[in-house]
Amino acid sequence: DAKTTQPPSMDCAEGRAANLPCNHSTISGNEYVYWYRQIHSQGPQYIIHGLKNNETNEMASLIITEDRKSSTLILPHATLRDTAVYYCIVNRGGSEKLVFGKGTKLTVNP
Amino acid sequence: GAVVSQHPSRVICKSGTSVKIECRSLDFQATTMFWYRQFPKQSLMLMATSNEGSKATYEQGVEKDKFLINHASLTLSTLTVTSAHPEDSSFYICSATSLGRVGGYTFGSGTRLTVV
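Residues numbered from 1 in each chain as written. Chains lettered and ligands numbered in written order. Predicted model: local features only at pLDDT ≥ 70, side-chain atom pairs only at ≥ 80, totals over all residues. Heavy atoms only, no water.

**A look at the interface of chain B and chain A**
Thought 1: Tallying the contact residues gives 23 residues for chain B and 20 residues for chain A.
Thought 2: In this assembly, chain B packs against chain A so that about 1,500 Å² is buried in total across both faces, 52% of it on carbon and sulfur atoms.
Thought 3: For the pair chain B and chain A, the number of links is 1 salt bridge.
Thought 4: We note a salt bridge from A:K97 to B:E59, for which the minimum N-O separation is 3.0 Å.
Thought 5: Our count for the chain B to chain A interface comes out at 6 residue pairs in polar contact (both at pLDDT 80 or more).
Thought 6: When contributions to the side of chain B that touches chain A are tallied by element, the ones reaching two or more residues are β4 (32-38), β5 (45-51) and β9 (90-97) of chain B.
Thought 7: If you tally residues by element for the side of chain B that touches chain A, the top one is β4(B), at 4 residues. (Contact = heavy atoms within 4.5 Å. Buried area = accessible area lost by both parts, 1.4 Å probe. Salt bridge = Lys/Arg side-chain N within 4 Å of Asp/Glu carboxyl O. Polar contact = N/O pair within 3.5 Å; in protein donor to acceptor, adjacent residues only side chain to side chain. Helix = DSSP H or I, 4+ residues; strand = E, 2+ residues; numbered from the N terminus.)

Below, the structure is given as structure tokens:
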């Protein structure tokens, strides 16, 4: 079973920041928080991951709470192409299997 | 960046026949590959994990004799759906990673299987 909880859906206006929350209250000390997204009828795409510190890359920022029980993925300037299902997954990395929950369907509106 | 190529992207087959789906890592050695299936409006469900040169590990409820997985090289894994039936129609997706790799796993673009 997935070890994360996400809202089923969210809407965001184009050009605005999209903030996607994720709860992972049972995360272990050696587990990372990963974010992936899946655009309709495509394979998932890796976005970002982090352990304790906040992370930023060209796609997004990841904010992890100090107790690591929740995190937020931030798309700073959402575009229509960011409409997708976003999955938050906790995983130890290496070759451990990824278990997908139901994710959050983000719709970016013009 | 890491690229995983999956073929075919779409396939239609007759009930009772077998279908093979290929998953190739193009620019890295994939020590581990994963196979998922996804039904409409549902999330990805892990079917099996395969390590190069070893037998695949199947998730509970997945029939190993029906879904044959081969991972004979560090760049290729195949999934064969044997004696396919209409209920096997689904979106099949592979992903790959390598030992010690930092960052996320790379996914193929998926295969839409329709059994008629």
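**As for the layout of surface pockets**
Thought 1: Approximately 550 Å³ is the volume found for the largest pocket.
Thought 2: A:H40, A:V85, B:Q38, B:K41 and B:Q42 are the residues nearest the centre of the largest pocket, which is lined by 21 residues in total.
Thought 3: Every element with two or more residues in the lining of the largest pocket is listed here: β8 (84-91) and β9 (104-109) of chain A.
Thought 4: Sorting elements by how many residues they give to the lining of the largest pocket places β8(A) first, with 3 residues.
Thought 5: Its residues assigned to classes, the lining of the largest pocket comprises 8 nonpolar, 9 polar and 4 charged.
Thought 6: Its boundaries defined by the atoms lining it, the second largest pocket holds a volume of some 270 Å³. (1 Å grid on protein atoms, 1.4 Å probe; cavity = no way out; pocket = protein on both sides within 12 Å on 5 of 7 lines; lining within 4 Å. Points joined across faces, edges and corners; volume = space filled by probe spheres on them. Nonpolar A, V, L, I, M, F, W, Y, C, P; charged D, E, K, R; others polar.)

In short, the description is geometric, and any link to function would need to be established separately.
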